[in-house]
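Here is how the chains run, residue by residue.
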Amino acid sequence: MDEPLEVVDVVADSGFEGVVTWLLRLVGLLALFGGLGLWLGTELGLLWLPAVLILVGFVLLVAPSVLLLLAEFA
């Protein structure tokens, strides 16, 4: 758990925390919409792939804010 916090701390110190946060959120949004598109556009086969994409999308939308908050307290 220390390695991700160290990376986030380095990014926060470099001043690019806003850019990295929004880049991760954009990738998360694309994964979320991709998963929803696969789920709504396919039949009942391969439902695990859209579920994984939706889960990864939610994690990438929330994780940057949580990691930056934890880095500030650490």
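Just so we're clear, the structure is a prediction, and the values are computed from it rather than from any experiment. (Residues numbered from 1 in each chain as written. Predicted model: local features only at pLDDT ≥ 70, side-chain atom pairs only at ≥ 80, totals over all residues. Heavy atoms only, no water.)

### What to know about the overall build of the protein chain
When helices and strands are counted, the protein chain shows three helices and zero strands. From first element to last, N terminus to C terminus, the protein chain shows the α and β order α-α-α. Residues counted as buried form 19% of the 74 residues belonging to the protein chain. (Helix = DSSP H or I, 4+ residues; strand = E, 2+ residues; numbered from the N terminus. Buried < 20%, exposed > 50% of the residue type's maximum accessible area, 1.4 Å probe, protein only.)

### Here we look at a nonpolar patch on the surface
Where nonpolar side chains cluster on the molecular surface, the patch consists of Leu38, Trp48, Leu49, Val52 and Val56 and spans about 430 Å² of accessible area. It is helix H3 (residues 48-73) that contributes the most residues to the nonpolar patch, four residues altogether. Its location among the elements puts Leu49 in helix H3. Among the residues examined, Leu49 registers a relative accessible area of 34% and is labelled partly exposed. (Patch = residues over 30% accessible without salt bridge, like charges linked within 9 Å, V, L, I, M, F, W, Y side chains within 5 Å. Areas by Shrake-Rupley, 256 points an atom, 1.4 Å probe, with all protein chains shown as cover. Salt bridge = Lys/Arg side-chain N within 4 Å of Asp/Glu carboxyl O.)

### Here we look at the packing of aromatic side chains
With the rule as written, the count across this model stands at zero aromatic pairs. When the ring centre of Trp22 is taken as origin, the NZ or CZ atom of Arg25, which lies over that ring, is 4.8 Å away. (Phe/Tyr/Trp six-rings, centres within 6.5 Å; stacked < 30°, edge-to-face > 60°. Lys NZ or Arg CZ within 6 Å of the ring centre and 35° of its normal.)

### Remarks on a negative patch on the surface
Judged by side-chain charge, Glu3, Glu6, Asp9 and Asp13 come together as a negatively charged surface patch. Within the fold, Glu6 resides in helix H1 (residues 2-14). (Lys, Arg positive; Asp, Glu negative; His and termini not counted. Charge placed at Lys NZ, Arg CZ, Asp CG, Glu CD.)

### Overview of the confidence of the model for the protein chain
When pLDDT drops low, the exact placement of atoms in the prediction is not to be read closely. In the predicted model, the protein chain carries a mean pLDDT of 80, and 81% of its residues have values of at least 70. The least confident element of the protein chain, judged by mean pLDDT, is H1 at 70; the most confident is helix H2 (residues 17-41) at 86. (pLDDT = per-residue confidence, 0-100.)

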